[in-house]
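One letter stands for each residue in the lines below.
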Amino acid sequence: MKLTRREMLKCAAASSAIMALNGSLPMLKDAMAAEAAEPDKWVKSVCRFCGTGCGVMVGVKRGKVVTVKGDPNNHNQGFLCLKGALMPPIVYAKERVTKPYIRKNGQLQVASWDEAMDLVVSKFKTALKDHGPTSIAYYGSGQALTEETYLASKMWKAGFGSNNVEGNPRLCMASAVGGYVTSFGKDEPCGCYDDIDAATCFFIIGSNMSECHPILFKRVAARKQADPNVKIIVVDPRRTNTARIADEHVSFVPGTDLAILNAMAYVIIQEELDNPRFYNKYVNFMTNDKKKVDFDAYVTFLEDYTPEKVEKLSGVPADQIRKIAILFSESSGTMSLWTMGLNQRIRGVWANNLVTNLHLLTGQLGKPGATNFSLTGQPNACGGVRDTGGLCHLLPAGRLIKKPEHRAQLEKQWGLEPGTIAPKPGLHTIALWNAFSEGKVKAMFVLCTNPAHSLPNVNMYTEGMERKDNFMVLSEPFMDAETVKYCDVLLPPAFWCEKRGVYGCTERRYSLLMQSVEPMGECRSDVDILLDFGRRMGIDPKVIPFENVDDIWNEWREVSSLTPYNFMGITRARLEKESGIRWPCPTEDHPGTKRRYVRGEDPNIPKDYKNKYKFYGTKDNKARLWMRPYAPAAEEPDQEYPMVLTTGRVIDHWHTGTMTMKVPELRRSFPKAYVEVNVDDARQLGIKNGDNVELVTRRDKMVFQAKVSDVCRPGLVFVPWYDKNLMINKLTLNAFDKGSKQPEYKICAVRIAKV
Amino acid sequence: MKPQSPADHTILTKIVSLSTLLVTVMLWSTVSTATPLKHLVAPDSAADCYECHKKATPKIAEDWYQSKHGVQLMKCFVCHGQPDGKGSVPWAVVPSPKAVCQKCHDPAMQRMQQKYGLELDCYTCHPFHQNSLHHDAYKKSASKVK
């Protein structure tokens, strides 16, 4: 065969043309695919995952969610983390519950809404009639909408006379609440995310914010990049990804952070870096047994915490304690950030107080960049549960059940007879599940949470859930959630963008999730489900005078208006227009509040108030500095169980994995839980990367694949808790903080061996 | 053998031309879109790209690790999808700006479009994986230097 020169050139040209397209054709192909998925509309919403509360725009095409992008007008300025960017597949997961179910002969069987609700109502009515209001309970979630938690809490406390209203926020941020309330008299952070942009020192303790709050970590990293003089201190017994940008990583023996914080205070005073002008005017020094003392007593108290003494206890070199104390106090603005490492402890409230102490001692508070900022774990723990009073001891807007004047105020605002609200607080989470396991609580309504996976020492509670003489109705979007195995009735709720309502994030910012698409199948919003339940129960119509979710929001605004929370200015119309507003916000023309307790910023303080700061949560308008001693964990390592087990998250998964396991990329990134072992420990125990390792605690034992690295310090192992097939909560401890009632997930004793 | 007629010659030429085209297209698709078999060895952990690519493509893996996306753990699959095409993000060596970058960088993309009329083209000015944060955090990123 012969080809002419011309024909050869033709072939070569054609080939070259195709080769030249090599780089751009994939892009064209993808552009065409992107074009095919180009949304018809973008609908404003909020991310479904962590407490950062990033604004999300939901891309909808022909009534289906096809993509998401960050909301440029919310605090995240258009950015999303890897989980947030991959949300759409969750909505259409094959595991979605789209019909009601009733358990018959041990199996869940499809039922009509009427059949399911009639059964639920009959069980609750029987429990109320036979055993009284304390035999029924509501167990909710920091992922439920504000309106849902407000409604459920009101129905139980004002409608059924039961204060057994709890939820998973008790497991994640109750100690932060206890910390803020004991230090300032009021819950919720003083500062806001804007402080990140102004801080010159970050004190990150008990938080792997790189994996648990990625968008805030990004903002901290950007601050460091903008100004290399910004210092970052990471205090964590694991050297996580957060420590990558740290100037100082402080690794310590788990549990000894209480002593380290006191040692920092010791150094601050010794180096005369304290701020007497601030604490003499604005701070009371308090002993652990609530006695007011003077500064000298505090100095004496701190003598037990010299850096040298604390080095022996904590393993942190005295020089490093000195160094971080000086960095903390000399900076023009220090921002502390913490999460579960401090909160999930039997001394969680104390740990919170001790961080705040450093701010009160140095005056690092109430100025741009200077604040003590607790990060929260769920998208609406602050806005839904803490603020609306969705716990057993709370009433809306910071009021307490135990205070008669607070109950009376609420009864008046709700238009109810005096004495409607029972004076005794209900059962806190651990006590509630104990009571359910013992058959004392007969009927439980669980909404938007997965307690059969998330409770500590969970075997105890799943055994209780299997009892035949108690009843659990569960509103849960995913059929493979662990708790589904134990419920008696399963209800199909609308999920995330299928309903309308409000999320309030860590910085007191409330944002509206507008409904993007219709609910799947027979799913209904939880507000609809709760209202239906209340009406079928024959609840006083005055308790639930609501036609829709917006009515509930408007009542919540009214209820908050007599308190320093004050949401009156956060109208539905504003929420539709704006991407989040921070309370207090008393009027519709108020921009929202960046920093509380500061004259000129906080609308609760008169503009002509004599002092710059007013801690109005206390009677004398002063904050409290608490002398909290070091105390060991509930279960310290010993000869039999010589190591410490801690649990937490990986960036790819969130909580019990019911959502993130529906995203192929996230599922395959971390398909199963593992145990992280320090290289030195691994060498001693003959463990290699990938080996099967058995973990044994006093509760249970389980085998995990080992990841050998230098992330954990020697003597510590870490297991993520998302995996339903390897539930580490079978091994964790249910000891809890006496003040906050939050369990100590972060420390228990463990023995490990290669198998 | 029967001598070839001009018509036979033309047909043969066309067949050869088409075959060349076909082979080129196949080559192109192999290079740019097809799934390397080794990705299918461990489908359960197919999204843990970095662990393998540290060895398979160390330069690319290191560039990512040191980049802003690496520090912030925006992992490979968020932009590139899954090599076996079973992910929720379209598998692409060169991710589509419209389908991927827009999720986080829409405001910047709009600014660039307004400023320079640029559309659907991030990579000319922002080379892959090279916006450094760690180590070179305090130097200008590659895109700014360029």
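Residues numbered from 1 in each chain as written. Chains lettered and ligands numbered in written order. Predicted model: local features only at pLDDT ≥ 70, side-chain atom pairs only at ≥ 80, totals over all residues. Heavy atoms only, no water.

### Details of the packing of aromatic side chains
All names here are of chain A. One pass over the full model with this rule turns up 43 aromatic pairs over all chains. Summarising the aromatic geometry, the rings of phenylalanine 184 and tyrosine 597 are spaced 5.6 Å apart at their centres and angled 15° between planes, so their arrangement reads as stacked. In this pair, phenylalanine 184 sits in helix α7 (residues 174–184) while tyrosine 597 sits in the loop between β22 (581–582) and β23 (623–626), placing the two residues 413 residues apart along the sequence. The burial state of phenylalanine 184 is the same as that of tyrosine 597; both residues are buried. Arranged with centres 4.9 Å apart and planes meeting at 15°, the rings of tyrosine 279 and phenylalanine 295 form a pair that is stacked. You can see tyrosine 279 sitting in helix α12 (residues 276–282) and its partner phenylalanine 295 sitting in helix α13 (residues 295–302), a full 16 residues away along the chain. Note on tyrosine 279: relative accessible area 4%, which makes it buried. Put simply, the rings of Tyr180, Phe184, Phe278, Tyr282, Trp338, Tyr597, Tyr613, Phe615 and Tyr616 pair up and form one aromatic cluster. Here the basic side chain of lysine 707 rests over the ring of tyrosine 674, its NZ or CZ set 4.5 Å away from the ring centre. (Phe/Tyr/Trp six-rings, centres within 6.5 Å; stacked < 30°, edge-to-face > 60°. Helix = DSSP H or I, 4+ residues; strand = E, 2+ residues; numbered from the N terminus. Buried < 20%, exposed > 50% of the residue type's maximum accessible area, 1.4 Å probe, protein only. Lys NZ or Arg CZ within 6 Å of the ring centre and 35° of its normal.)

### Some points on the packing of helix α11 (residues 257–270) of chain A against helix α15 (residues 318–330) of chain A
All names here are of chain A. Interhelical geometry of α11 versus α15 gives an angle of 65° and a closest axis separation of 9 Å. Viewed along their axes, α11 and α15 adopt a mutual orientation that is roughly perpendicular. Considering the relative orientation of α11 and α15, their crossing is right-handed. Residues Ala263, Met264, Val267, Ile268 and Gln270 of α11 form the contact with α15, whose own contacting residues are Ile321, Arg322, Ile324, Ala325, Ile326, Phe328 and Ser329. When the residues that make up the contact of α11 with α15 are grouped by side-chain class, the tally is nine nonpolar, two polar and one charged. (Axes fitted to C-alpha atoms, helices over the stretch in contact; angles between N-to-C directions. Parallel < 35°, antiparallel > 145°, perpendicular 65-115°, else oblique. Left-handed = near helix turned anticlockwise from the far one by under 90°. Contact = heavy atoms within 4.5 Å. Nonpolar A, V, L, I, M, F, W, Y, C, P; charged D, E, K, R; others polar.)

### Here's the deal with the pattern of salt bridges
On inspection of all chains with the given rule, the structure shows 49 salt bridges over all chains. With a closest N to O distance of 2.5 Å, aspartate 84 of chain B and arginine 668 of chain A form a salt bridge. Here arginine 668 of chain A lies in helix α26 (residues 664–669) and aspartate 84 of chain B lies in the loop between α5 (76–80) and α6 (97–116), a pairing that spans two chains. Here aspartate 84 of chain B matches arginine 668 of chain A in class, with each residue buried. Connected through salt bridges with shared partners, the residues Asp114, Asp118, Arg524, Asp532 and Arg536 of chain A form a single ionic network. (Salt bridge = Lys/Arg side-chain N within 4 Å of Asp/Glu carboxyl O.)

### Examining the domain arrangement of chain A
All names here are of chain A. Domain annotation of chain A identifies domain 1 (5–91), domain 2 (101–169 + 380–544), domain 3 (174–375) and domain 4 (643–732). Domain 1 puts 10 residues into the contact, and the matching count from domain 3 is nine residues. Here domain 1 meets domain 3 over a buried area of about 730 Å², counting both sides, of which 66% is carbon and sulfur. Contact with domain 3 buries area across many residues of domain 1, yet Thr52, His75 and Phe79 alone supply 51% of it, more than any other trio. The interface formed by domain 1 and domain 3 contains zero salt bridges. Between the two partners, domain 1 and domain 3, sit two residue pairs in polar contact (both at pLDDT 80 or more). The residue inventory of the side of domain 1 that touches domain 3, partitioned by class, reads five nonpolar, four polar and one charged. (Domains from an automatic or database assignment. Buried area = accessible area lost by both parts, 1.4 Å probe. Polar contact = N/O pair within 3.5 Å; in protein donor to acceptor, adjacent residues only side chain to side chain.)

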